[in-house]
Amino acid sequence: VTILRSGMGAVGFAQRLAKHLADSRYDALIIAGLAGGLGPRLRVGDAVLYDLCYDARATEFTRRERPGHGEVATTACDETLSGFLYWALTRSGLSFIQAPGITVGRIVTEAKEKLALGARYGAAAVDMETYETLDACARIGLPAAALRVISDEAVRDIPDFNRIYNADGRMNGWRTFAAMAARPSASLRLLMTVRPALQSLRATLQAAMGA
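Residues numbered from 1 in each chain as written. Predicted model: local features only at pLDDT ≥ 70, side-chain atom pairs only at ≥ 80, totals over all residues. Heavy atoms only, no water.

A. How the structure looks around the environment of Leu 85. Position of Leu 85 relative to the elements: it lies in helix α2 (residues 79–92). The exposure class of Leu 85 is buried, given its relative accessible area of 0%. Between the alpha carbons of Leu 85 and Ala 208 there is a distance of 5.6 Å; along the sequence they are 123 residues apart. Beyond its immediate chain neighbours, meaning those up to four positions away, Leu 85 contacts Ile 30, Leu 49, Ala 145 and Ala 208. (Helix = DSSP H or I, 4+ residues; strand = E, 2+ residues; numbered from the N terminus. Buried < 20%, exposed > 50% of the residue type's maximum accessible area, 1.4 Å probe, protein only. Contact = heavy atoms within 4.5 Å.)

Here's what the structure looks like:
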């Protein structure tokens with residue numbers, strides 16, 4: 001098992017990944033990580049196994065005239081690999097759902113935006129990397145699937161972290177502090193969810209890998 005790491009929404013990571021995959025030999029790729037919840041019933045720590053992913057990076061989903069789900073690109077996860085993960089998670093007894101995900105170009109921080117995004121696209125989770133990764137794999141015929149764990153619920157606002165990341169997707173400490181200080185209540189709630197979300201992600205990956 002080889003672990004490949006990308007920063008959150010890091011610029012150009014898909015191109016670097018595509019080159020790496022072209023120069024390497026892998027049997028399959030599993031995209032794993034945290035995601036924002038888009039369904040009002042999803043809670044921190046819930047797992048979402050994507051069946052497909054929408055690409056909404058170029059849309060302004062906060063505007064009323066934003067395009068619907070039929071007007072954006074989609075890419076599907078590999079059915080066989082997703083089926084294996086579905087079986088592994090079911091056998092483990094962990095709670096999860098299989099549903100569409102969506103990739104956007106910025107962190108969705110407002111509850112109203114998350115709920116609207118989920119309702120419009122019928123998606124359960126939002127992230128900033130899955131679509132590009134699935135697309136890169138599809139181009140070379142590499143089976144790929146996506147498994148995400150909810151780190152912030154659709155019904156909760158979170159701090160505006162859109163300005164805290166460097167070009168490589170890594171967090172800037174001072175900017176992080178400023179963003180959290182601007183929304184202390186939302187920051188406190190988010191801090192309380194980090195540990196359970198990561199614990200759930202670890203358990204989910206262990207189940208998926210048969211550990």
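Having seen the model, we can carry on.
B. Geometry of the packing of helix α1 (residues 13–22) against helix α4 (residues 130–139). Across the interface, α1 lies against α4 with an axial gap of 9 Å and an inter-helix angle of 30°. Between α1 and α4, the crossing angle belongs to the class labelled roughly parallel. Remark: the crossing between α1 and α4 carries right-handed chirality. Within the contact between the two elements, α1 uses Phe 13, Ala 14, Leu 17, Ala 18 and Leu 21 and α4 uses Glu 132, Thr 133, Ala 136 and Cys 137. (Axes fitted to C-alpha atoms, helices over the stretch in contact; angles between N-to-C directions. Parallel < 35°, antiparallel > 145°, perpendicular 65-115°, else oblique. Left-handed = near helix turned anticlockwise from the far one by under 90°.)

C. Examining the confidence of the model for the protein more closely. Across the protein, the average pLDDT comes to 86, with 88% of residues at or above 70. Looking over the protein, one finds the lowest element-wise mean pLDDT in helix α5 (residues 173–182), namely 74, and the highest in strand β2 (residues 47–55), namely 97. Within the model, the stretch residues 62–67 combines pLDDT values under 50 with eleven contacts to residues more than four positions away or in other chains. (pLDDT = per-residue confidence, 0-100.)

D. Region of the structure containing the side chain of Ser 200. Mapped onto the elements of the fold, Ser 200 is located in helix α6 (residues 184–208). Taking relative accessible area as the criterion, Ser 200 reaches 16% and is therefore assigned buried. Polar side-chain contacts of Ser 200 include one of 2.4 Å to the backbone oxygen of Gly 45. Beyond its immediate sequence surroundings of up to four residues, Ser 200 is in contact with Gly 45 and Val 149. (Polar contact = N/O pair within 3.5 Å; in protein donor to acceptor, adjacent residues only side chain to side chain.)

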